[in-house]
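Architecture and fold: a report
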Amino acid sequence: MTTNAPEHRLIDAQGRVETGIFSDRITAINYRDFKLRTAMGKPAGAFRRWFGFNQFQFCSVISPDVILGVAIAHPRLATVSFAYFYQPSTRKLFRYNLKTLPIGGMVQLSQRPYEGEWAFSMGKYQCRMWFDPASNSRRVVLKTRDGAVADISFSEDNFSPMRICTPADMTGFAFTQKMGGVRARGHISHPQTGRFDLEPIGACATMDWTAGYLRRRCFWNWTCLSGVLPDGRCVGVNGACGVNETSYTENCFWVDGKLHKVDSIAFDYDPNDLFKPWHITSYDGKLDLHFTPEGSMDEKNNFIVMASAFDQMIGRYRGMLKTDDGETIELADMYGFTEEHYAKW
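Figured I'd write up the structure that's included with this text. The structure displayed is predicted, hence computed values, not measured ones.

A separate point is the overall build of the protein chain. The number of helices and strands found in the protein chain is one helix and 24 strands. For 345 residues, the compact-globule formula gives about 20 Å, and the C-alpha radius of gyration of the protein chain, at 19 Å, lands near that figure. In terms of overall dimensions, the protein chain has C-alpha extents of about 55 × 50 × 50 Å along its principal axes. With 345 residues in all, the protein chain has 56% of them scored as buried.

Side chains Ile265 and Phe267 project from strand S20 (residues 265–268) onto a buried face, and the interleaved Ala266 and Asp268 project onto a face without burial. Pairing between S20 and strand S21 (residues 278–282): four bridges, direction antiparallel. Its bridge partner being in S21, Ala266 is matched across the sheet by Thr281.

Turning our attention to the sheet that holds strand S9 (residues 137–143). The seven strands lie next to each other as S6-S7-S8-S9-S10-S13-S14, forming an open sheet whose pairing is antiparallel. The open sheet terminates on both sides in strands that have one partner only, identified here as strand S6 (107–108) and strand S14 (194–197). For S9 and strand S10 (residues 149–155), the ladder comprises seven bridges, and the chain directions are antiparallel. In the sheet register, Ser137 faces S10, and the bridge partner there is Ser155.

This part is about the side chain of His341. Mapped onto the secondary structure, His341 falls in strand S24 (residues 328–344). Polar contacts involving the side chain of His341 include one to the side chain of Ser308, which spans 3.5 Å. Setting aside chain neighbours within four positions, we find His341 in contact with Cys218, Phe219, Trp220, Ser308, Ala309 and Phe310.

Positioned with a positive phi, Asn244 is a non-glycine residue whose angle comes to about 55 degrees. Within the fold, Asn244 resides in the loop between strand S17 (234–241) and strand S18 (252–255). What makes Asn244 buried here is its relative accessible area of 7%.

Let's shift gears to the packing of aromatic side chains. If you walk through the whole model with that rule in mind, you get 27 aromatic pairs. Between Tyr114 and Phe131, the ring centres sit 4.8 Å apart and the planes meet at 85 degrees, which makes this aromatic pair edge-to-face. Of this pair, Tyr114 sits in the loop between S6 and strand S7 (117–122) while Phe131 sits in strand S8 (residues 125–132), and the two are 17 residues apart along the sequence. Residue Phe131 is classed as buried on the basis of its relative accessible area of 6%.

So, on to a nonpolar patch on the surface. There is a patch of nonpolar side chains on the surface, built from Phe47, Trp50, Leu77, Ile304 and Val305 and spanning about 510 Å² of accessible area. As for its position among the elements, Leu77 is in the loop between strand S3 (67–74) and strand S4 (79–87).

Sheet architecture is open: eight strands sit in the order S1-S11-S12-S15-S2-S3-S4-S5, paired in antiparallel fashion. Bordering the open sheet on either side are strand S1 (20–21) and strand S5 (92–100), each of which pairs with just one other strand. For strand S12 (residues 172–183) and strand S15 (residues 204–213), the ladder comprises ten bridges, and the chain directions are antiparallel. Across the sheet, residue Thr176 finds its bridge partner in S15, namely Thr210.

What follows deals with the pattern of salt bridges. Throughout the structure, instances matching the rule amount to 25 salt bridges. Between Glu7 and Arg112 there is a salt bridge whose closest N-O contact spans 2.8 Å. Here Arg112 lies in the loop between S6 and S7 and Glu7 lies in the segment before S1, a separation of 105 residues in the sequence. With a relative accessible area of 23%, Arg112 lands in the partly exposed category. Note that Lys286 is salt-bridged to Asp324, the shortest N-O span being 2.6 Å. Of this pair, Lys286 sits in the loop between S21 and strand S22 (287–302) while Asp324 is found in the loop between strand S23 (307–322) and S24, placing the two residues 38 residues apart along the sequence. Owing to a relative accessible area of 46%, Asp324 belongs among the partly exposed residues under this scheme. The network of salt bridges with common partners includes Glu7, Arg9, Asp33, Arg112 and Glu115.

Calculation rules
Residues numbered from 1 in each chain as written. Predicted model: local features only at pLDDT ≥ 70, side-chain atom pairs only at ≥ 80, totals over all residues. Heavy atoms only, no water. Helix = DSSP H or I, 4+ residues; strand = E, 2+ residues; numbered from the N terminus. Rg over C-alpha atoms; globule rule 2.2 N^0.38 Å. Buried < 20%, exposed > 50% of the residue type's maximum accessible area, 1.4 Å probe, protein only. Pairing = 2+ DSSP bridges. Polar contact = N/O pair within 3.5 Å; in protein donor to acceptor, adjacent residues only side chain to side chain. Contact = heavy atoms within 4.5 Å. Phe/Tyr/Trp six-rings, centres within 6.5 Å; stacked < 30°, edge-to-face > 60°. Patch = residues over 30% accessible without salt bridge, like charges linked within 9 Å, V, L, I, M, F, W, Y side chains within 5 Å. Areas by Shrake-Rupley, 256 points an atom, 1.4 Å probe, with all protein chains shown as cover. Salt bridge = Lys/Arg side-chain N within 4 Å of Asp/Glu carboxyl O.

Geometric descriptors of this kind do not, in isolation, establish any biological role.
What follows is the structure in structure tokens.
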């Protein structure tokens, strides 16, 4: 059980955003208090203040037996939820992608990372994400129209999330909170693959909780993995290029919940064929990873005022991580993701 954390709102009493990397919890993304300005220095109008704020949450469970990705994204004019189940042994991928107007009881969101619930409901498809203070854990519950079910939890006990807020464009900001390499509990089942109890198969979870006045047009690459080392320690990696790198970066990895910061990273891959191998390295030499894709969750939408070109590759990593203590950790055939993503919010 966790104690109540003191209130730490991202926007101060003067309407200014606090940027940096935070060791303590950010309890509220109180964007309505933010003094958003135009590029000419004038106060932004009500529509721009409403339309410009975006938020999304992505959680995954990764193991050699089964991989699950679940997301809810809210770019104002529509709310999107997607999910996929991937079975590495057969390379079967089952995808679900739904969109709706943010109306009625179909969509629920929260601007508080540790309070409230995210929910998306459409027909027999239901997705819920929330933080449970009684167990100090994240919860994800998913039900699909064809009978697939996931009920997952992962704890923040003895874990240091990456919490970061950076300037975005001239007047905005981007807040994100990341986790990776944390043991998952619960179960996943799909009519085509059967049931997987997560603890016996050594499954690990990841989370991306993002909100802010993001760049109107943005592009990024992302790397993420989670798994268990041969010695039993859990390891997770999170890194990005093109987002969250103004003044600070979100790049890091975890070993048994301890965060190890990584400098800026570079992605070497063929944008014309994302199934070719990727090579990801950090400027400080603490990360050197090779990624071999096996599957892809992708979507392309162009709604003129909004657009998204999204490719999340699923595959295996090998390579090296170097901890703050100088230990070199070798990775072999550890599952995770890379991503190429363009968005016009």
